[in-house]
Structures are given as C-alpha cells and as structure tokens.
Amino acid sequence: MYAPRCRGHKRLPRDELEHHLRRNPRNRGRDLALHQFEFAGCELTTHTAGDHADYIDDIDETVNLWIRWTDDGRHEFVELKNCPDGEPPRGDGREPEPCTLFLDHGGLHSWQCN
Ligand SMILES: [Zn+2]
Ligand SMILES: [Zn+2]
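Rules and cut-offs
- Residues numbered from 1 in each chain as written.
- Chains lettered and ligands numbered in written order.
- Predicted model: local features only at pLDDT ≥ 70, side-chain atom pairs only at ≥ 80, totals over all residues.
- Heavy atoms only, no water.
- Donors = N, O, S within 2.8 Å, 3.2 Å for Na, K, Ca; no water.
- Tetrahedral: all angles 85-135°; square planar, octahedral: opposite > 155°, others 65-115°.
- Helix = DSSP H or I, 4+ residues; strand = E, 2+ residues; numbered from the N terminus.
- Buried < 20%, exposed > 50% of the residue type's maximum accessible area, 1.4 Å probe, protein only.
- Polar contact = N/O pair within 3.5 Å; in protein donor to acceptor, adjacent residues only side chain to side chain.
- Contact = heavy atoms within 4.5 Å.
- Salt bridge = Lys/Arg side-chain N within 4 Å of Asp/Glu carboxyl O.

A. Inspection of the coordination of the zinc ion (ligand 2) at higher detail. Donor atoms from the polypeptide that bind the zinc ion (ligand 2) are Cys83 (SG), Cys99 (SG), His105 (NE2) and His109 (ND1), placed at 2.0 to 2.3 Å. Coordination at the zinc ion (ligand 2) is tetrahedral, judged from the four donor atoms that bind it and the angles of 98 to 118° they form at the metal. Expressed as a motif, the donor residue spacing for the zinc ion (ligand 2) is C-x15-C-x5-H-x3-H. With Cys83 in the segment after β5 (75-81) and His105 in the segment after β5, the pair connects residues that are 22 residues apart, well separated along the chain. Each member of the pair Cys83 and His105 is classed as buried.

B. Inspection of the side chain of Ser110 at higher detail. Structurally, Ser110 can be placed in the segment after β5. On the basis of relative accessibility, which here comes to 18%, the residue Ser110 falls in the buried class. Here the side chain of Ser110 touches Thr100 through a polar contact of 2.8 Å, landing on its backbone nitrogen. When neighbours within four sequence positions are excluded, Ser110 is seen to be in contact with Pro98, Cys99, Thr100 and Leu101.

C. Summary view of the pattern of salt bridges. Following the criterion strictly, the structure yields nine salt bridges and no others. Between Arg68 and Glu76 there is a salt bridge; the shortest N-O distance is 3.0 Å. Salt bridges sharing partners connect three or more residues here, namely Glu87, Arg90, Asp92 and Arg94.

Spelled out as structure tokens, the structure:
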C-alpha cells in the first residue's frame, strides 16, 4: 500500500526555530544555515485529521526535533522518538529502508509514501 505525501506547508517562525537549533548541543559552534529553513513541508502521507509535521534536526540516535502545526495556525516544536517500523526485508538483498517519521505518527510509514 502506498499513498501520496500531504501538501501541508508553513513558513517557519525564524526566531523560534533558531532558538531550538541553538539549544541543541550538537549544533554548538556549527553554522546553522538558517536560510535552508524557510518553509516546513509536511512529511506525513495525506491526512484529514491530526497535525502536520516536518523534521527539523537530529537530537540523538533515537530522537529528532520536529515542528508540528495545524491549518488554523498553531504550531509547536517537539522532540519525538523515531518510528521503529522500517520496511520489511524484501528478500532481494536490498537494505530495507527505515521509517524517517516519529513514533505513533498517523498515516503510512515514510517508505510507503510516494
Ligand atoms: Zn500534513
Ligand atoms: Zn513510521
């Protein structure tokens, strides 16, 4: 089963974004390349309920920073555990893809998105 990606997007709140990137110890002394972060685009498969979500930054091996937002303009930056459900092996020797979304995301896994 495959599904198209949600088309939800949002202009990122620059100051708040910078605040969250700077407090991540991994970014200490690093150029944040803030120009790369102008818009968030929802990474979920199409959905009619629930928040939109876009990956922002790595926190550690198991947790990433995301922005979640709603169509009526609310948003929050949240640290979420990674989704553990990677692609099942296909038996063709190809490395199965991990899901790049967060734990308990709605819709399908990233490897089911087209
Ligand atoms: Zn969405
Ligand atoms: Zn997933």
